[in-house]
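As a plain string of letters, each chain reads:
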Amino acid sequence: EAVTVAGRPGYWIDGAHAVDLGPLGGPARLRVAGDALVWVDGARTYRLESALGRTGAVAAAEALVAARDGEN
């Protein structure tokens, strides 16, 4: 599900899903993850796994973005 985090594009992934942690072309190392929020900020991609639900995870991510932006 498409979402925004402090005006940045992102996605909410609801429920268990597999994450490939292996190198490109290398052996797949998968792990199962629960709900996750993924968003892009410039050249960085962030991933927040949480049991907070979509609304809570977006609020937590926006607080992180605000705290980080306040440090610059």
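Every value quoted in this text rests on a predicted model; they were computed, and no experiment measured them.

*Asks:* Would you mind going over the nonpolar core in detail, with residue names and values included?
*Replies:* Soluble globular proteins tend to bury their nonpolar side chains together. Counting nine residues, the largest nonpolar core is built from V3, V5, W12, L37, W39, A57, V58, A61 and V65. Those elements giving two or more residues to this core turn out to be β1 (2-5), β5 (36-41) and α1 (53-71). Looking at which element gives the most residues to this core, the answer is α1, with four residues. Apart from the residues within four sequence positions on either side, V3 is in contact with R8, P9, G10, Y11, W12, L37 and R54.

*Asks:* Pulling in residues and values, what's your account of the pattern of salt bridges?
*Replies:* Scanning the model with the defined rule gives six salt bridges in all. Taking the shortest distance from any N to any O, the salt bridge between D41 and R8 comes out at 3.2 Å. You can see D41 sitting in strand β5 and its partner R8 sitting in strand β2 (residues 8-13), a full 33 residues away along the chain. R8 gets classed as buried once you look at its relative accessible area, which sits at 18%.

*Asks:* Describe in detail unusual backbone geometry, supporting the description with residues and values.
*Replies:* The residue A6 is not glycine, and still its phi comes out positive at about 50 degrees. Note that A6 resides in the loop between β1 and β2.

*Asks:* Account for the side chain of D41, with residues named and values stated.
*Replies:* Judged by its relative accessible area of 17%, D41 falls in the buried class. At 2.6 Å, the side chain of D41 and the side chain of R68 are in polar contact. Excluding residues that lie within four positions of it along the chain, D41 makes contacts with R8, Y46 and R68.

*Asks:* Lay out the sheet that holds strand β6 (residues 44-49) with the relevant residues and their values.
*Replies:* Ordered in space as β1-β2-β5-β6, the four strands form an open sheet in which the pairing is antiparallel. The sheet is open, and its two borders are formed by β1 and β6, each paired with just one other strand. For this sheet, the mean inter-axis angle between neighbouring strands, taken without regard to orientation, is 30 degrees. Looking at chain direction, β5 and β6 are connected through six bridges and run antiparallel. Among the inter-strand pairings, A36 is bridged to a residue of β6, identified as E49.

Scoring rules and cut-offs
- Residues numbered from 1 in each chain as written.
- Predicted model: local features only at pLDDT ≥ 70, side-chain atom pairs only at ≥ 80, totals over all residues.
- Heavy atoms only, no water.
- Core = buried A, V, L, I, M, F, W, Y, C linked by side-chain atoms within 4.5 Å.
- Buried < 20%, exposed > 50% of the residue type's maximum accessible area, 1.4 Å probe, protein only.
- Helix = DSSP H or I, 4+ residues; strand = E, 2+ residues; numbered from the N terminus.
- Contact = heavy atoms within 4.5 Å.
- Salt bridge = Lys/Arg side-chain N within 4 Å of Asp/Glu carboxyl O.
- Polar contact = N/O pair within 3.5 Å; in protein donor to acceptor, adjacent residues only side chain to side chain.
- Pairing = 2+ DSSP bridges.
- Axes fitted to C-alpha atoms, helices over the stretch in contact; angles between N-to-C directions.

By themselves, these are just geometric observations and shouldn't be taken as functional.
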